[in-house]
Amino acid sequence: MQFIVIAEADHGAVSLPSLECVEEARDVAAQSGHFVQVLLAGATLTAMAEVLAAHGADEVTLIEHEALSHGGAEHWLSIFEPVMRDTVTGIEADSAGEPSLCILAPDSSHMRAWLPRLALRLQIPLVSHCLQVHISANRLVFVRPTHGGNRHEQVICPGTNVVCATLAPGARGIGVADTRRRARVRRLTPDLSTETFHERRLHTLPPDPRTVDLREADRIVAGGLGVGGPAGVELLWKLGTRLEAAVGGTRVIADRGWLPTDRFIGTTGKTVTPKLYLALGISGASQHTSGMNRSETVIVVNNDRTAPLFSLADLGIVGDLHEIIPALLARLEE
Ligand SMILES: Cc1cc2nc3c(=O)[nH]c(=O)nc-3n(C[C@H](O)[C@H](O)[C@H](O)COP(=O)(O)OP(=O)(O)OC[C@H]3O[C@@H](n4cnc5c(N)ncnc54)[C@H](O)[C@@H]3O)c2cc1C
C-alpha cells in the first residue's frame, strides 16, 4: 500500500495532526515495504522537510507559493488538483481489486474546506475522521467512530484504485522523532494565477491559551462532574485565565452542556499531552484517562481519597474544589 500524506503547516511548523498522519502512513506502508510521500504546501517551508522525515516521510515535496500565506480553499484546490491528477492517473487497483494508493490528510477545518472537492473532482472515495488505518487480510481498513462515538465502524473501499481519507487529530498521538531519518526533498513552484479567486485571508489571530485546541495546549485545567454545574465551570475558566491554561473536562460535563463538545478529553474526545494537567472533580474512568495519561505533570483535586485518578497524580489534593479553586485564585492574585 502506497501512501501520500497531504500535510499542513501551522504557525511556522508542521501541524501536529499532520505528523500523526505521517506516522500512521509509515506504520501501514512499512508492512508492505512501501514508502511514504508527503506533500506540504505553504509560503515558507524551510526546515519542515527534516521534521517530516524524522516522523516517517521518505520523500517530501515542498510546494511553495507566496499566495498560500493569505489564500483560502480555492488556492489549495488549484495547486493540488493538477498535482494529484497526475499522480493518480495510471494507478491501478491491486490484483484483488483493492486500492493500491491511499491519500491521507489531517481532519482539520482547513482540509475540510477543500479536500472533499478534490476527491469529487478526481472521482475518488473519501473516508473522513478515521481513528485508525490498518491492513487486515490484505485489505485496507479504516476505523471511524459512529453512533456519537459509542461504537466504531470499519470501512473498506473495494473496486477503487485510489482512496482518500482524513485522520482525526489526536487519534494516535505523536511518537518519538527519529532525527537520523532522512527524506528525499523536491521543491515545486506552482504557476498560480490568483486574479479570479474570491477568497482572501486577511489576518491569522494568535491563539488564546484558554480556548486554544486542547491538543496543542501546554497547560490544561480540566473539570469533571465534581464541579457541580455551570457555576463550577465558570471557576475553571477563571483559573484557566489566571494560569494561561486551556479549559477542558470529562465527557459527562460536555454531555450536560456545561462545556463545548470539542473540549472533552478521552477515548471519544481529544487526546492531550500537556506539560501540566490540573484535574478537578474528575474520578478517573479509563475512558477519560486514556486521553490524558501522557501528560507530563498531573495534579488531582478530589474530595474522595479513593478516586482512581490519584494513581496518575504527581500531586494529589484531597478536598473540596469549591474551596480549593477560590483559595488558589486568591494566592495567584497575590
Ligand atoms: C462508550 C463510552 C465512551 C466514553 N468516552 C468518554 C471520554 O472520551 N471521555 C470521558 O471523560 N468520559 C467518557 N466516558 C464516560 C466515562 O466512563 C465516565 O463516566 C466519565 O469520565 C466520568 O466523568 P467524571 O469524572 O466527570 O464524573 P464522576 O465519575 O461522577 O466523578 C466525579 C468526581 O468528582 C468528585 N467530586 C465530587 N464533588 C467534588 C468536590 N466538591 N470537590 C472535589 N471533587 C469532587 C467525586 O469524588 C468524583 O470522583 C465514556 C463512557 C462510555 C460508556
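Chemist: Please clarify how the domain arrangement of the protein chain should be interpreted in this entry.
Modeler: Much of the literature gives interface size as the accessible area that the parts lose upon coming together. Segmenting the protein chain into domains produces domain 1 (2-188) and domain 2 (214-333). On a C-alpha basis, the centroid separation for the pair domain 1 and domain 2 is 33 Å. Contacts between domain 1 and domain 2 engage 11 residues on the former and 6 residues on the latter. Each partner contributes to the roughly 610 Å² buried at the junction of domain 1 and domain 2, and carbon and sulfur atoms together form 39% of this total. There are 0 salt bridges connecting domain 1 and domain 2. The interface formed by domain 1 and domain 2 includes 1 residue pair in polar contact (both at pLDDT 80 or more). Class assignment for the residues of the side of domain 1 that touches domain 2 results in 4 nonpolar, 5 polar and 2 charged.

Chemist: Looking at this structure, I do not really get the sheet that holds strand β17 (residues 315-318). What am I missing?
Modeler: Where strands meet in a sheet, backbone hydrogen bonds hold them as pairs that are either parallel or antiparallel. Spatially, 5 strands are ordered β14-β13-β15-β16-β17 in an open sheet, and the strand pairing comes out parallel. One side of each edge strand has no neighbouring strand; the edge strands of this open sheet are β14 (246-249) and β17. Across the sheet, the mean angle from the axis of one strand to that of its neighbour is 15 degrees, orientation sign disregarded. Pairing geometry for strand β15 (residues 276-280) and strand β16 (residues 297-302), over 5 bridges, is parallel. Note on β16: the bridge partner recorded for A279 is V300.

Chemist: Sorry if this is basic, but what is going on with the state of the cysteines here?
Modeler: Two cysteines form a disulfide when their sulfur atoms are joined by a covalent bond. Applying the stated criterion across every chain yields a total of 0 disulfides. Between C102, a free cysteine, and C164, which holds the nearest cysteine sulfur, the sulfur-to-sulfur gap is 7.4 Å.

Chemist: Sorry if this is basic, but what is going on with helix α3 (residues 73-88) here?
Modeler: Given 3.6 residues per helical turn, the α-helix brings residues three or four places apart onto the same face. Between its first and last C-alpha, α3 extends 21 Å over 16 residues, near the 22 Å set by a 1.5 Å rise per residue. If you check which residues of α3 are buried, you get A73, E74, H75, W76, L77, I79, F80, E81, M84 and V88. Buried residues along α3 sit in contact with β1 (2-7), β4 (36-42), β5 (59-64), β6 (101-106), α4 (109-122) and β11 (162-167). Positive backbone phi, approximately 95 degrees, marks G90, located one or two places after α3.

Chemist: Help me out: how do you make sense of the pairing of strand β8 (residues 132-136) in this one?
Modeler: Side chains on a regular strand alternate between the two faces of the sheet. Summarising the sheet, β8 and strand β9 (residues 139-146) pair through 5 bridges and their orientation is antiparallel. Across the sheet, residue V133 finds its bridge partner in β9, namely F142. Counted along the chain from β8 to the antiparallel partner β9, the turn is 2 residues long, and its residue A137 has a positive phi close to 50 degrees.

Chemist: Help me understand the pattern of salt bridges in this model?
Modeler: Side-chain pairs of opposite charge can arise whenever the charged atoms involved come near each other. Scanning the model with the defined rule gives 20 salt bridges in all. Ionic pairing is found between E23 and R172, a salt bridge with its closest N-O pair at 3.5 Å. Taken together, the residues E23 in helix α1 (residues 16-31) and R172 in the loop between β11 and β12 (184-188) connect sequence positions 149 residues apart. In this structure E23 comes out as buried when scored by relative accessible area, which is 1%. In this structure, R331 and E334 form a salt bridge, with 3.9 Å as the shortest nitrogen-oxygen distance. Judged by relative accessible area, which is 61%, R331 ranks as exposed. Counted as one network, the salt bridges with shared partners bring together E23, E24, R26, D27 and R172.

Chemist: Could you clarify how one ought to interpret the sheet that holds strand β10 (residues 151-155) in this entry?
Modeler: Strand order across the open sheet formed by 3 strands is β8-β9-β10, with antiparallel pairing between neighbours. What marks the edges here is a single partner per strand, and that holds for β8 and β10. Sheet twist, expressed as the mean angle between neighbouring strand axes with direction ignored, is 30 degrees. Packing against the sheet, α1 makes contact with β8 and β9, and its axis sits at approximately 5 degrees to β8.

Chemist: I tried to follow the site of the ligand on my own but got confused; where do I start?
Modeler: Around the ligand, the surrounding shell holds 26 residues, and the nearest of these are L225, T250, I265, S283 and N302. Separating an oxygen atom of the ligand from a side-chain N or O atom of S283 is a distance of 2.6 Å. In this structure, L321 approaches the ligand through a main-chain N or O atom, which is 2.9 Å from a nitrogen atom. Relative to its unbound accessible surface of 990 Å², the ligand loses 74% to contact with the protein. Of all the elements in the fold, those that place two or more residues in the shell around the ligand are α6 (251-255), α7 (286-289) and α8 (321-333). Considered class by class, the residues forming the shell around the ligand number 7 nonpolar, 16 polar and 3 charged.

Rules used throughout
Residues numbered from 1 in each chain as written. Predicted model: local features only at pLDDT ≥ 70, side-chain atom pairs only at ≥ 80, totals over all residues. Heavy atoms only, no water. Domains from an automatic or database assignment. Contact = heavy atoms within 4.5 Å. Buried area = accessible area lost by both parts, 1.4 Å probe. Salt bridge = Lys/Arg side-chain N within 4 Å of Asp/Glu carboxyl O. Polar contact = N/O pair within 3.5 Å; in protein donor to acceptor, adjacent residues only side chain to side chain. Nonpolar A, V, L, I, M, F, W, Y, C, P; charged D, E, K, R; others polar. Pairing = 2+ DSSP bridges. Helix = DSSP H or I, 4+ residues; strand = E, 2+ residues; numbered from the N terminus. Axes fitted to C-alpha atoms, helices over the stretch in contact; angles between N-to-C directions. Disulfide = S-S within 2.5 Å. Expected span 1.5 Å × (residues − 1). Buried < 20%, exposed > 50% of the residue type's maximum accessible area, 1.4 Å probe, protein only. Near = heavy atom within 4 Å. Areas by Shrake-Rupley, 256 points an atom, 1.4 Å probe, with all protein chains shown as cover.

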